[in-house]
Amino acid sequence: MAYKAPVRDFRFILDEVLNIDALTNQPPFTEMSSDLVGQILEEGAKFSEEVIAPINRAGDLEGCKWNNGVVTGPTGWKEAYQQMVEAGWPSLHAHPEYGGQGMPAVVAMAFGQMTAAASPAFSMYPGLTAGAYAGLHANASDELKDRYLPKLATGEWGGTMNLTEPQCGTDLGLIRTKAVPNEDGSYSITGQKIWISSGEHDFTDNIIHLVLARIEGAPEGIKGISLFVVPKVFVNDDGSLGERNEGVQCAGLEHKMGIHGNATCVMAYENAKGWLVGEENRGMAAMFVMMNEARLGTGLQGLAIATNAYQAAVTFANERLQGRSLTGPKNADGPADPIIVHPDVRRMLLESKAYVEGGQAFILWTALQADLQKSDDEATAQKAKDYMALITPVVKAFLTDRGFHVTSLAMQVHGGSGYTEHFTASQSLRDARITMIYEGANGIQALDLVGRKLPANGGRAIMTFFAELDAFVSENGGEGPLKPFVDGVASSKAALQEATMWLMQNGMQNPDNAGAASSDYLHVFGLASLAYMWALMAKAAQAKIDEGSSDPFYANKIATGRYYVERILPDVDAHLRKLKTGAEVLMALPAEAF
């Protein structure tokens, strides 16, 4: 099955749901139009389908190879990456000051969904580079920006983020990598980093590593961490490449369940030369720019893999003949009916379709908030910043969890065929699993949501979100075709508000209550968010139908949304009920009894 980029869905969301043409008074959209966005999406789809998707299988089968510190990618990957750079795709969202095209984040995220669906492992190379660009752009001195950003913006150089060490993952306060000041203002970095995506490869002439380390004498824990830029190859004052930074070496590659085409490296730093980014002991604040971008990208990746898996399952369900329809043969001239006639197969496909299309809207709606943070209107910018902080852990955890669920359903649709390597279902399942773990495991995202994001600024962000949902219900209530969607928003908002109040009342008394409830709370939040996305899409689709459109796209969109609100959204009640049981049953069993 060949991947087909869902350009029609993206254009519907951008043009008819988010109405980006009405945003030309906002800074990121002043020179933007839906026609231009459409052209970008069409070309991006062609590149993803014709250049990236065909090499995805080779990446899974061959993986990357390590030989004495040198890493080479799978067959055709270097050439595809160079085509991407030549076409200008990595520079889509970068600032024009450094050679970027300055496109809104919402456009870049639409393109990112296509590349990640075509090959999630391949898309990580430009994705990590974009994260390094963002971290330097937000925190580095002008000198460091001028030295590194132009080549990172275009993708001519790669970028990484080096956080994890053998003895610490989430708790970065335990890192041991040290930084010793040199007389010339640089630092000597020594330590080991593991699980570094895109840490070494042969696609680019240089790789710019952003490394967390502790300056000698710095405070213990998270407050004593600083961020450093450590290039693989030194960059001369005129921008040309100099000598190799010999203290930076790839010590080996991880052997993984999936994403085989991405080089996941063990990086060894031995007196490697680096430069401080931002202020001393403020490394975590600087790194959070990259981490938040990476978390949104991971949510996008999980959803994108699900999109590809769903498409493959649809193709298989239409071609595979087995059994007869319960209401009589639908393929009378054949020996059996295609399995898509069977209700349970349709259940799996509709569940997948509802999550995929609802998730696409959720990703782009969130990306729009990233753009609106730059608004000249203070209230608009503040609301968008609040939403970005609040929604990021939900996007990361909920979409990767449901994305993996969709890949599992896709394998089930394939039956025994999906469990073999003759079909793509196996690779999708293996590739998707990591998205629930890296960039902060989903349980950590849930804790971050209830422990930090909800109470921030007195709960301002969640109260604003509640008000937006209430306004939608008020404006669109009553009878008619939108009623199931409006009711879905109202009921799931009420459940989310009840869950929030329960956390406020019980989490303060016993922190274990917040921890025990956090995962279910995040799922209530995610389900309610997708209910809102489906309501927005249903409203836009119904408006076209009311105008006389006979395009089946709109009727199909409403039918899929109905499945979501009637067959998926009721899960909110189960999560709410479990949430309110608190920590007692979770903490009652002594550790030795497990």
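What counts, and at which threshold
Residues numbered from 1 in each chain as written. Predicted model: local features only at pLDDT ≥ 70, side-chain atom pairs only at ≥ 80, totals over all residues. Heavy atoms only, no water. Helix = DSSP H or I, 4+ residues; strand = E, 2+ residues; numbered from the N terminus. Rg over C-alpha atoms; globule rule 2.2 N^0.38 Å. Buried < 20%, exposed > 50% of the residue type's maximum accessible area, 1.4 Å probe, protein only. Contact = heavy atoms within 4.5 Å. Areas by Shrake-Rupley, 256 points an atom, 1.4 Å probe, with all protein chains shown as cover. Lys, Arg positive; Asp, Glu negative; His and termini not counted. Charge placed at Lys NZ, Arg CZ, Asp CG, Glu CD. Salt bridge = Lys/Arg side-chain N within 4 Å of Asp/Glu carboxyl O. Patch = residues over 30% accessible without salt bridge, like charges linked within 9 Å, V, L, I, M, F, W, Y side chains within 5 Å. Core = buried A, V, L, I, M, F, W, Y, C linked by side-chain atoms within 4.5 Å. Expected span 1.5 Å × (residues − 1). Bend = angle between axes of the 7 residues up to and from the residue. Pairing = 2+ DSSP bridges. Disulfide = S-S within 2.5 Å. Polar contact = N/O pair within 3.5 Å; in protein donor to acceptor, adjacent residues only side chain to side chain. Axes fitted to C-alpha atoms, helices over the stretch in contact; angles between N-to-C directions. Parallel < 35°, antiparallel > 145°, perpendicular 65-115°, else oblique. Left-handed = near helix turned anticlockwise from the far one by under 90°. Nonpolar A, V, L, I, M, F, W, Y, C, P; charged D, E, K, R; others polar. Phe/Tyr/Trp six-rings, centres within 6.5 Å; stacked < 30°, edge-to-face > 60°. Lys NZ or Arg CZ within 6 Å of the ring centre and 35° of its normal.

Asks: Looking at this model, I keep getting lost on the overall build of the protein chain. Mind explaining?
Replies: Within the protein chain one finds 19 helices and 11 strands. For a compact globule of 594 residues, the expected C-alpha radius of gyration is about 25 Å, and the protein chain comes in at 24 Å, within 12% of that figure. Sorting the 594 residues of the protein chain into buried and exposed places 57% on the buried side. Within the protein chain, counting contacts between residues at least 6 apart in sequence, those at least 24 apart form 73% of the total. Carbon and sulfur atoms provide 52% of the accessible area of the protein chain, an area that totals close to 24,700 Å². Of the side-chain charges in the protein chain, 47 are positive and 69 negative, and the distance between the mean point of each set is 5 Å.

Asks: How should I be thinking about the environment of Phe 29 in this particular structure?
Replies: Locating Phe 29 in the fold gives a position in the loop between α1 (7-17) and α2 (34-52). The spacing of Phe 29 and Met 103 is 74 residues in sequence and 7.9 Å in space, taken between C-alpha atoms. Aside from chain neighbours lying at most four places away, what touches Phe 29 is Ile 20, Leu 23, Thr 24, Pro 104, Val 106, Leu 368 and Asp 371.

Asks: Sorry if this is basic, but what is going on with the pattern of salt bridges here?
Replies: Two side chains bearing opposite charge may form a pair once their charged atoms approach each other closely. Evaluated as defined, the whole model comprises 29 salt bridges. When the shortest N-O distance is used, the salt bridge between Glu 357 and Lys 557 registers 2.9 Å. A residue pair is termed long-range when its members are at least 10 positions apart, and Glu 357 in helix α9 (residues 343-372) and Lys 557 in helix α17 (residues 552-568) qualify at 200 residues. For Glu 357, a relative accessible area of 7% puts it in the buried group. Taking the relative accessible area as the measure of exposure, Lys 557 reaches 3% and is therefore buried. Counted as one network, the salt bridges with shared partners bring together Asp 9, Lys 353, Glu 357 and Lys 557.

Asks: Can you walk me through a nonpolar patch on the surface in this structure?
Replies: Taken together, the side chains of Val 585, Leu 586 and Met 587 present a nonpolar region at the surface, about 330 Å² in accessible area. Mapped onto the fold, Leu 586 is located in helix α19 (residues 584-587).

Asks: How should the nonpolar core be read in this particular structure?
Replies: As a rule of thumb, soluble globular proteins bury nonpolar side chains together. Grouped together as the largest cluster of nonpolar side chains are 186 residues, with contacts concentrated most on Leu 364, Tyr 521, Phe 525 and Tyr 564. At 19 residues, the largest contribution of residues to this core is made by helix α16 (residues 511-546). If we skip the residues at most four places from it in the chain, Leu 364 touches Phe 10, Ile 13, Leu 14, Leu 18, Val 106, Met 109, Ala 110 and Gln 113.

Asks: Explain the environment of Asp 238 here, please?
Replies: Its location among the elements puts Asp 238 in the loop between β8 (233-235) and β9 (241-244). Separated by 91 residues in sequence, Asp 238 and Arg 147 have C-alpha atoms that sit 8.5 Å apart.

Asks: Help me understand unusual backbone geometry, please; the structure alone is not making it clear to me.
Replies: Most peptide bonds adopt trans geometry, and most residues besides glycine take a negative phi value. A positive phi is found at Asn 68, a non-glycine position, where the angle reads about 55 degrees. The class for Asn 68 is exposed, based on a relative accessible area of 69%. We note that Trp 195 has phi near 60 degrees; this positive angle belongs to a residue other than glycine. Structurally, Trp 195 is set in strand β5 (residues 187-197).

Asks: Would you mind going over α16 with me for this structure?
Replies: An α-helical turn contains 3.6 residues, so any two residues separated by three or four positions project in the same direction. The terminal C-alpha atoms of α16 lie 51 Å apart, and with 36 residues this matches the ideal 52 Å at 1.5 Å per residue to within 8%. Where α16 bends most, the angle comes to about 50 degrees, and this point is Ser 518. The buried count for α16 comes to 27 of 36 residues, which makes it a mostly enclosed element. Two residues or fewer past α16, Gly 548 is found with a positive phi of approximately 105 degrees.

Asks: Which parts of the structure should I look at to understand the pairing of strand β3 (residues 158-162)?
Replies: Taken residue by residue, a regular strand's side chains alternate between the two faces of the sheet. In terms of residue burial, β3 counts as a mostly covered element, since five of its five residues are buried. In this structure, β3 lies alongside strand β6 (residues 207-215), joined through five bridges in parallel fashion. When the sheet's bridge partners are listed, Thr 160 is paired in β6 with His 209.

Asks: What am I meant to see in the pairing of β9 here?
Replies: Note that β8 and β9 share two bridges and pair antiparallel. Bridge pairing in β9 places Val 235 opposite Leu 241. The turn linking β8 back onto β9 is made up of five residues, and Gly 239 within it adopts a positive phi angle of 90 degrees.

Asks: Mind showing me how you'd approach the state of the cysteines here?
Replies: Linking two cysteines covalently through their sulfur atoms gives a disulfide. Under the counting rule described, the total for this entry stands at zero disulfides. Looking at Cys 64, it has no disulfide partner, and the nearest cysteine sulfur is the one in Cys 265, 7.7 Å off. We classify Cys 64 as buried; its relative accessible area is 17%.

Asks: Please clarify how α17 should be interpreted in this entry.
Replies: Its 17 residues give α17 an end-to-end C-alpha distance of 23 Å, which sits within 8% of 24 Å, the value for a rise of 1.5 Å per residue. Listed as buried for α17 are Phe 553, Tyr 554, Lys 557, Ile 558, Thr 560, Gly 561, Tyr 563, Tyr 564, Val 565 and Ile 568. Against α1, α9, α15 (483-506), α16 and α18 (571-579) lie the buried residues of α17. If you check the start of α17, you find a side-chain oxygen 2.9 Å away from the backbone N of Phe 553, and it comes from Asp 551.

Asks: Mind showing me how you'd approach the packing of helix α5 (residues 105-118) against helix α8 (residues 283-319) here?
Replies: It is the contact of α5 with α8, at a shortest axis distance of 8 Å, that shows an interaxial angle of 55 degrees. The orientation of α5 with respect to α8, classified from their angle, is oblique. Regarding α5 and α8, the two cross each other, and that crossing is right-handed. In this structure, α5 uses Met 109, Gly 112, Gln 113, Ala 116, Ala 117 and Ala 118 to contact α8, whose residues at the interface are Leu 296, Leu 300, Gln 301, Leu 303, Ala 304, Ile 305 and Asn 308. For the contact of α5 with α8, the residue count by class is nine nonpolar, four polar and no charged.

Asks: How should the packing of α1 against α5 be read in this particular structure?
Replies: Each pair of packed helices can be summarised by the angle the axes make with each other and by the distance between the axes. Interaxial distance between α1 and α5 falls to 11 Å at its minimum, and their mutual angle equals 160 degrees. What the angle tells us is that α1 and α5 run roughly antiparallel. Crossing handedness for the pair α1 and α5: right-handed. Residues Val 7, Phe 10 and Leu 14 of α1 lie in contact with α5, whose contacting residues are Val 106, Ala 110, Gln 113 and Met 114.

Asks: Help me out: how do you make sense of the packing of aromatic side chains in this one?
Replies: For any pair of aromatic rings, the description rests on two quantities: the centre-to-centre distance and the angle between the ring planes. Per the stated rule, a full pass over the model turns up 23 aromatic pairs. For the pair Phe 47 and Trp 89, a centre-to-centre distance of 6.4 Å together with 45 degrees between the ring planes defines the contact as tilted. One end of the pair, Phe 47, is in helix α2; the other, Trp 89, is in the loop between α4 (77-87) and α5, with 42 residues separating them in the sequence. Of the two residues, Phe 47 and Trp 89, neither departs from the other in class, the shared state being buried. Between the aromatic rings of Tyr 521 and Phe 525, the centroid separation amounts to 6.2 Å while the plane-to-plane angle is 80 degrees, which identifies the pairing as edge-to-face. With Tyr 521 and Phe 525 both in helix α16, this residue pair falls four residues apart, about one helical turn. We note that Tyr 521, like Phe 525, is buried. One aromatic cluster is present, formed by Phe 362, Trp 365, Tyr 387, Phe 465, Phe 472, Tyr 521, Phe 525 and Tyr 532 through successive ring pairs. For Lys 493, the ring lying beneath its charged end belongs to Phe 466, and the centroid distance is 5.5 Å.

These values are about where atoms sit, not about what they do.
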